[in-house]
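Tertiary structure, described
For reference, the chains in residue letters:
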Amino acid sequence: MNPPQTARERLELWDGKPYFPISQVYKNRFGSKVVKIPVSIADDCPNRAGIKGMQTCIFCDVHGSFAYPESQGDEIRAQITRHREKVAKRFNANRFLVYFQAYTTTFTQLGRLKEGFEAALEYPDVAGLVVGTRPDTLSDAVLRTWKEYSERTFVGIELGVQSFDDDQLIWMRRGHTGAQSIKGVERVAATGVDVGIHLIFGWPTENDKQIIETARLCNELPISNVKLHNLHVLKQTALEPLYHEGKFSPVDLETYSHRVALFLEHLSPRIAVHRLAALSSRWDELIAPDWTRHKMKSFQAILDYINDRGVYQGRSFRS
Ligand code: SF4
């Protein structure tokens, strides 16, 4: 699909949003609304396992970013059935992508990953598979497996890049570099599967120049989508004591909106956007910022900020 050139085309092709929403990609690809069913087959990651002295990422809680921690450890079919019912009701959808979300999905045995894929594909209303993982935990065998499955169904890979800035990556204890992320993206894209990345905004040293450079780097990469998160403080994370000691403050909603607007303005209109801010299903674990708690209100405030300034995705993009 060609990116929209005019305000009228943006209205039609982007569902009235100032950015290219991933929902439109799914509608075009699958012919109807498709939503994700989060599941977990992994229960660890290189950071938690302390590989090469790595430590748990500064923002990550004990559930490894899983939306339904109460289901962790349950048999995969039980997870799919239960979560499918929840998301179907919540989003009024009847087609799904099974999303292998928690921890580092590729830090588990390949046989387990394949079993999970086969279980997901038993459901006739499952339109494909999405795998979340780190950009530096990609064996050749995993890449081959994704390629094989992509001949049967849609396969999307979401890599937790978070930032391309090495100082920020060290601060968040990611254990990989920006260069490793770029290499990971390129290796996955070479298999022909769909590739997206996750980015976090709100780092202590972040500035406008970095945000623009991040957008420009995304434009050069073979990715089809990006998911944005704001850095928030959860209970039982390494960030929690830093917040209480006054060594870290999350950005306010206006500052975050400014960063999102700047990023979108420089992002190519060919790259779809999943969401504009973090979405936690475990609000009881959220410590700060409070605006993250008010999901719809904050989302609307970000949209208003963007629209009030006449910004739209790709406004300053030059190919
Ligand atoms: S964010 Fe991912 S890689 Fe980092 S500690 Fe959590 S599960 Fe592990």
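I will try to describe carefully the structure that is included in this document. Everything quoted here is computed from the prediction, not taken from an experiment.

So, on to the sheet that holds strand β1 (residues 35–39). Reading across the sheet, the seven strands line up as β1-β2-β3-β4-β5-β6-β8 and stay open at both edges, with parallel pairing between neighbours. What marks the edges here is a single partner per strand, and that holds for β1 and β8 (272–273). Sheet topology note: the strand β4 (residues 154–162)/strand β5 (residues 194–201) ladder contains six bridges and is parallel. Bridge pairing links Gly-156 to Asp-194 in β5.

This part takes up helix α10 (residues 253–266). Here α10 is 14 residues long and its end C-alpha atoms lie 20 Å apart, about the 20 Å a rise of 1.5 Å per residue gives. Burial within α10 is extensive, with twelve of its 14 residues counted as buried. Tucked inside the fold, the buried residues of α10 contact β5, α8 (208–220), β6 (225–230) and α11 (295–308).

Right, let's get into the pairing of strand β3 (residues 126–133). Sheet faces and side chains relate simply in a regular strand, where the side chains alternate between the two faces. Most of β3 sits out of view: seven of its eight residues are buried. Taken together, the six bridges between β3 and β4 define a ladder with parallel strand orientation. Looking at β4, one finds that Thr-133 is bridged to Leu-159. In this fold, the crossover linking β3 to β4 by way of helix α5 (residues 140–150) has right-handed handedness.

Where burial is concerned, most of β1 is hidden: four out of the five residues are buried. Alignment of β1 against strand β2 (residues 96–100), held across five bridges, turns out to be parallel. Among the inter-strand pairings, Lys-36 is bridged to a residue of β2, identified as Leu-97.

Further remarks concern unusual backbone geometry. Residues apart from glycine generally show negative phi values, whereas peptide bonds are mostly found in trans. That bond from Ala-288 to Pro-289 is cis: its omega, 0°, falls within 30 degrees of zero. If you trace the backbone, Pro-289 turns up in the loop between β9 (286–288) and α11. One non-glycine residue, Asp-15, adopts positive backbone phi at about 60°. Even without being a glycine, Gln-236 presents a positive backbone phi close to 60°. Relative to the elements of secondary structure, Gln-236 occurs in the loop between β7 (233–234) and α9 (239–244).

Right, let's get into the nonpolar core. By size, the foremost hydrophobic cluster in this structure holds 71 residues, and its most contacted members are Val-39, Val-98, Leu-129 and Val-260. For this core, the element with the most residues is α10, which contributes seven residues. If we ignore the near neighbours within four places in the chain, the residues touching Val-39 are Ile-76, Gln-79, Ile-80, His-83, Val-98, Tyr-99, Phe-100 and Gln-101.

Turning to the packing of helix α4 (residues 110–121) against α5, a few remarks are in order. Running from N to C, α4 and α5 point in directions that differ by 15°, and their axes come no closer than 11 Å. By the angle between their axes, α4 is roughly parallel relative to α5. Remark: the crossing between α4 and α5 carries right-handed chirality. Contacts from Leu-110, Leu-113, Lys-114 and Phe-117 in α4 reach Ala-141, Val-142, Thr-145 and Tyr-149 in α5. When grouped by side-chain class, the residues that make up the contact of α4 with α5 number six nonpolar, one polar and one charged.

Further remarks concern helix α7 (residues 178–190). Under the 1.5 Å per step criterion, the end-to-end length of α7 is 19 Å for 13 residues, consistent within 8% with the ideal 18 Å. Among all positions of α7, only Gly-178, Ser-181, Gly-184, Val-185 and Val-188 are buried. End-on, the buried residues of α7 take up no more than an arc of 115°, which puts them together on one face. Seen from the open side of α7, the exposed residues pointing more than 90 degrees away from its buried face are Ala-179 and Ala-190. The elements touched by buried residues of α7 are α5, β4, α6 (166–171) and β5. One or two residues past the end of α7 sits Gly-192, with phi positive at roughly 95°.

On to the environment of Asn-207, then. Looking at the element boundaries, Asn-207 is found in the loop between β5 and α8. Classification of Asn-207 as exposed rests on a count of 10 C-beta atoms within 10 Å. The spacing of Asn-207 and Arg-259 is 52 residues in sequence and 8.5 Å in space, taken between C-alpha atoms.

To continue, consider the packing of helix α3 (residues 76–91) against α4. Contact geometry of α3 with α4 gives a least axis separation of 9 Å together with a crossing angle of 40°. Classed by the angle they form, the pair α3 and α4 counts as oblique. Pair α3 / α4 crosses with right-handed handedness. Judged by residue contacts, Ile-76, Arg-77 and Ile-80 of α3 engage Gly-116, Ala-119 and Ala-120 from α4. The residue inventory of the contact of α3 with α4, partitioned by class, reads four nonpolar, one polar and one charged.

The rules we used
- Residues numbered from 1 in each chain as written.
- Predicted model: local features only at pLDDT ≥ 70, side-chain atom pairs only at ≥ 80, totals over all residues.
- Pairing = 2+ DSSP bridges.
- Helix = DSSP H or I, 4+ residues; strand = E, 2+ residues; numbered from the N terminus.
- Expected span 1.5 Å × (residues − 1).
- Buried ≥ 20, exposed ≤ 12 C-beta atoms within 10 Å, placed from the backbone.
- Contact = placed C-beta atoms within 7 Å.
- Right-handed = clockwise from strand over helix to strand, strands pointing away.
- Core = buried A, V, L, I, M, F, W, Y, C linked by C-beta atoms within 7 Å.
- Axes fitted to C-alpha atoms, helices over the stretch in contact; angles between N-to-C directions.
- Parallel < 35°, antiparallel > 145°, perpendicular 65-115°, else oblique.
- Left-handed = near helix turned anticlockwise from the far one by under 90°.
- Nonpolar A, V, L, I, M, F, W, Y, C, P; charged D, E, K, R; others polar.
- Arc of directions from axis to C-beta.

Treat this as a map of the structure, not an account of what it does.
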